[in-house]
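Geometric and topological summary
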Amino acid sequence: MNKFKLRELVFQILYSRQFTKHSDNALIQFIIKKAKVSKNSAKFAQERALIVEEKLQEIDEIIKKFLQTKSFERMSKIEKSILRVGVFELFFDQDIPGEVAISEGVRICRKFGSEEGAKFVNAVLDGSFKHHEKQAS
């Protein structure tokens, strides 16, 4: 499974969990059926989503710092889920270049959200990335 597909599945898992909690087995079976991926790929995406969820409080605090025009509570669930994946990759996954995390977040938002949402996601991820890079140097 390529990295974009993995990122997309993680987003979908995080998004769906805002509405309902599936059993691990039911979720894996759903991913296999709908995304047409192997059982190993579905399990890997689910494990990755769990890692993101473990850091959710920290991730959400980072997102809140860089919101300019929207409140966190009123943000769409699609944008919130995409930002959570993107911020996780920017701040907690050293294997993914920042520019890639930002562009892939925008790409997912264009696919599942809107062009306006993609611009918003880009602004939040880019702002947080630049701030993070500035603090690191």
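That block above? That's the structure.
In short, a report on the structure.

Rules used throughout
- Residues take numbers from 1 onward in each chain, read along the sequence in its written order.
- Side-chain atom pairs in this predicted model are given and counted only at pLDDT of 80 or more, local residue features only at pLDDT of at least 70, and totals for whole chains, interfaces and linings cover all residues.
- To get the side-chain values, all heavy atoms of the structure are used, and hydrogens and water are removed first.
- Helix and strand labels come from DSSP, where a helix needs a run of H or I of at least four residues and a strand needs a run of E of at least two; each type is numbered from the N terminus.
- Every radius of gyration here is taken over C-alpha atoms, with the globule rule written as 2.2 Å times N^0.38, N being the number of residues.
- Lines are fitted to the C-alpha atoms to define the axes, a helix being fitted only along its stretch in contact, and any angle between axes, read from their N-to-C directions, falls within 0 to 180 degrees.
- Any angle that falls under 35 degrees is termed roughly parallel, while one over 145 is termed roughly antiparallel, one within 65 to 115 roughly perpendicular, and all others oblique.
- If you view the pair so one helix is near and one far, a crossing is left-handed when the near helix is turned anticlockwise from the far one by less than a right angle, and right-handed when it is turned clockwise.
- When checking whether two residues touch, look at their non-hydrogen atoms; a contact exists if any pair is within 4.5 Å.
- Polar contact is defined as a pair of N or O atoms within 3.5 Å, subject to the rule that within protein one atom must be able to donate a hydrogen and the other to accept it, and that residues adjacent in sequence are counted only when both atoms are side-chain atoms.

1. Some words on the overall build of the chain
Tallying secondary structure elements over the chain gives 7 helices and 0 strands in all. For the chain, the N- to C-terminal ordering of α and β elements is α-α-α-α-α-α-α. Against the compact-globule benchmark of 14 Å for 137 residues, the chain has a radius of gyration of 14 Å, which places it among compact chains. Projecting the C-alpha coordinates of the chain onto the three principal axes gives extents of approximately 40 × 30 × 25 Å.

2. Comments concerning the packing of helix H1 (residues 3-17) against helix H6 (residues 98-112)
Interaxial distance between H1 and H6 falls to 11 Å at its minimum, and their mutual angle equals 60°. Between H1 and H6, the angle falls in the class oblique. The crossing of H1 and H6 is right-handed. Residues Phe4, Arg7, Glu8, Phe11 and Gln12 of H1 form the contact with H6, whose own contacting residues are Val100, Glu104, Arg107, Ile108, Lys111 and Phe112.

3. Details of the side chain of Ser41
With respect to the helices, strands and loops of the structure, Ser41 is situated in helix H3 (residues 39-54). At 3.0 Å, the side chain of Ser41 forms a polar contact with the side chain of Ser38.

4. Details of the environment of Asp93
Within the fold, Asp93 resides in the loop between helix H5 (77-92) and H6. A sequence separation of 88 residues divides Asp93 from Lys5, and the C-alpha atoms of the two residues are 17 Å apart. Leave out the neighbours within four places in its chain, and Asp93 touches Arg48 and Phe88.

Interpretation in functional terms is not warranted from these geometric data alone.
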